[in-house]
Amino acid sequence: MKKLILTMSAVLVICTAAAGCGKKAAPAAENESMEQVPTNEAALGWDNTQDGFDEVWDFANEIFIGRVQSHQYYTENGLPNTAVTVIIENPIRGGAEGETRVITYSGGELNGEFYASTSTVIPADGGEYLFLLEPEMAGDQYKYPCGGYQGTYKVSGNTYDSVIEVFNENNLLESEILGEPISQLPY
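Sequence order as written defines residue numbering, which begins from 1 separately in each chain. With the structure being a predicted model, the display of local features is reserved for residues of pLDDT at least 70 and the display and counting of side-chain atom pairs for 80 or more, all residues being used for whole-chain, interface and lining totals. Water and hydrogen atoms play no part in the side-chain values, which are based on all heavy atoms of the structure.

1. Some remarks on the overall build of the protein chain
Moving on, step 1. Numbering of helices and strands runs from the N terminus; a helix is a DSSP stretch of H or I covering at least four residues, while a strand is a stretch of E covering at least two. Counting its regular elements, the protein chain contains 3 helices and 9 strands.
Moving on, step 2. Helices and strands appear in the protein chain in the N-to-C order β-β-β-α-α-β-β-β-β-β-β-α.
Moving on, step 3. Accessible area is worked out with a 1.4 Å probe on protein chains only. A residue is then buried under 20% of its type maximum, exposed over 50%, and partly exposed in between. Relative to its 187 residues, the protein chain shows a buried fraction of 47%.
Moving on, step 4. Expressed as a percentage of contacts within the protein chain between residues at least 6 apart in sequence, the contacts between residues at least 24 apart total 60%.
Moving on, step 5. Note on areas: these come from Shrake-Rupley sampling with a 1.4 Å probe, and a residue is covered only by the protein chains present in the view. As presented, the protein chain carries roughly 8700 Å² of accessible surface, and 47% of it is formed by carbon and sulfur atoms. By definition in these notes, contact holds between two residues if any of their heavy atoms fall within 4.5 Å.

Here is the structure:
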């Protein structure tokens, strides 16, 4: 499998259907050949990673439970991304019920191949998640999850009694709140 590493710690892996890759990929092995591609760490939100869930909660501009309506792949500066359209079902901080947000995740399809970040899992269409979004960057049409991958958590439903479920094993902060009802989170 050919792998692509983005500079400044953002890692994307090229996956093909023949290789059996899914929506998430393992980190690149040290002995595999890799190509370096420049990227903007800030644009992926990875320059704002936090040390604990409380910090992510405090940093977030918007927090809500939402249902993924659709996703669309696009490129920006030659890099693949996925725009995920979400409808707000239960706002906690910012936004209103029924509003939509388009949230960007690193990785996506480009020239028939799927590129997946080693730390990011793209939410599935129809799934319900707790979203913690970063403050908007000037002139940007998309929103980003806090810390690139630290701002998306799978939930069991769309109420405050819903619990956090396993979603992204690469997000170490998930273990801090796994199984917790949203009503018990620090707001």
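2. Structural notes on a negative patch on the surface
Moving on, step 1. Patch membership requires more than 30% relative accessible area and the absence of a salt bridge. Residues of like charge join within 9 Å; the nonpolar side chains Val, Leu, Ile, Met, Phe, Trp and Tyr join within 5 Å. By salt bridge we mean one thing: a side-chain nitrogen of Lys or Arg within 4 Å of a carboxyl oxygen of Asp or Glu. Here Asp and Glu are counted as negative and Lys and Arg as positive; His is not counted, and neither are the chain ends. For the purpose of locating charges, the reference atoms are NZ of Lys, CZ of Arg, CG of Asp and CD of Glu. Taken together, Asp51, Asp54, Glu55, Asp58 and Glu176 make up a surface patch of like negative charges.
Moving on, step 2. If you tally residues by element for the negative patch, the top one is helix H2 (residues 53-59), at 3 residues.
Moving on, step 3. On the secondary structure map, Asp51 appears in the loop between helix H1 (41-44) and H2.

3. Quick look at the confidence of the model for the protein chain
Moving on, step 1. For every residue, the predictor reports its confidence as pLDDT, a number between 0 and 100. A residue-level look at the protein chain finds 71% of positions with pLDDT of 70 or above and a mean pLDDT of 77.
Moving on, step 2. Contacts from residues 1-46, a stretch scored under 50 in pLDDT, to residues over four places away or in other chains number 111 contacts.

4. Side note on the pattern of salt bridges
Moving on, step 1. Inspection of the entire model under this criterion finds 5 salt bridges.
Moving on, step 2. The salt bridge involving Lys143 is made with Glu62; its shortest N-O contact spans 3.2 Å. Here Lys143 is found in the loop between strand E8 (128-133) and strand E9 (152-154), whereas its partner Glu62 is found in strand E4 (residues 62-76), with 81 residues between them in sequence.
Moving on, step 3. We classify Lys143 as buried; its relative accessible area is 13%.
Moving on, step 4. In this structure, Arg101 and Glu99 form a salt bridge, with 2.8 Å as the shortest nitrogen-oxygen distance.
Moving on, step 5. Residues participating in the shared-partner salt-bridge network are Glu62, Glu99, Arg101 and Lys143.

5. Focus: the packing of aromatic side chains
Moving on, step 1. Any two of the Phe, Tyr and Trp rings considered here, Trp counted by its six-membered ring, make a pair once their centres fall within 6.5 Å; the pair's planes then place it as stacked at under 30 degrees, edge-to-face at over 60, or tilted in between. Tallied over the full model, the rule gives 6 aromatic pairs.
Moving on, step 2. Arranged with centres 5.4 Å apart and planes meeting at 85°, the rings of Phe53 and Tyr153 form a pair that is edge-to-face. Here Phe53, found in helix H2, pairs with Tyr153, found in strand E9; they are 100 residues apart in sequence, far enough to count as distant.
Moving on, step 3. A relative accessible area of 0% means that Tyr153 is categorised as buried.
Moving on, step 4. Ring pairing ties together the aromatic residues Phe64, Tyr129, Phe131 and Phe167, which thus form one cluster.

6. Things to note about the environment of Thr75
Moving on, step 1. Locating Thr75 in the fold gives a position in strand E4.
Moving on, step 2. Residue class for Thr75 comes out partly exposed when judged on its relative accessible area of 42%.
Moving on, step 3. Not counting residues up to four positions away in its chain, the partners in contact with Thr75 are Pro80 and Leu110.

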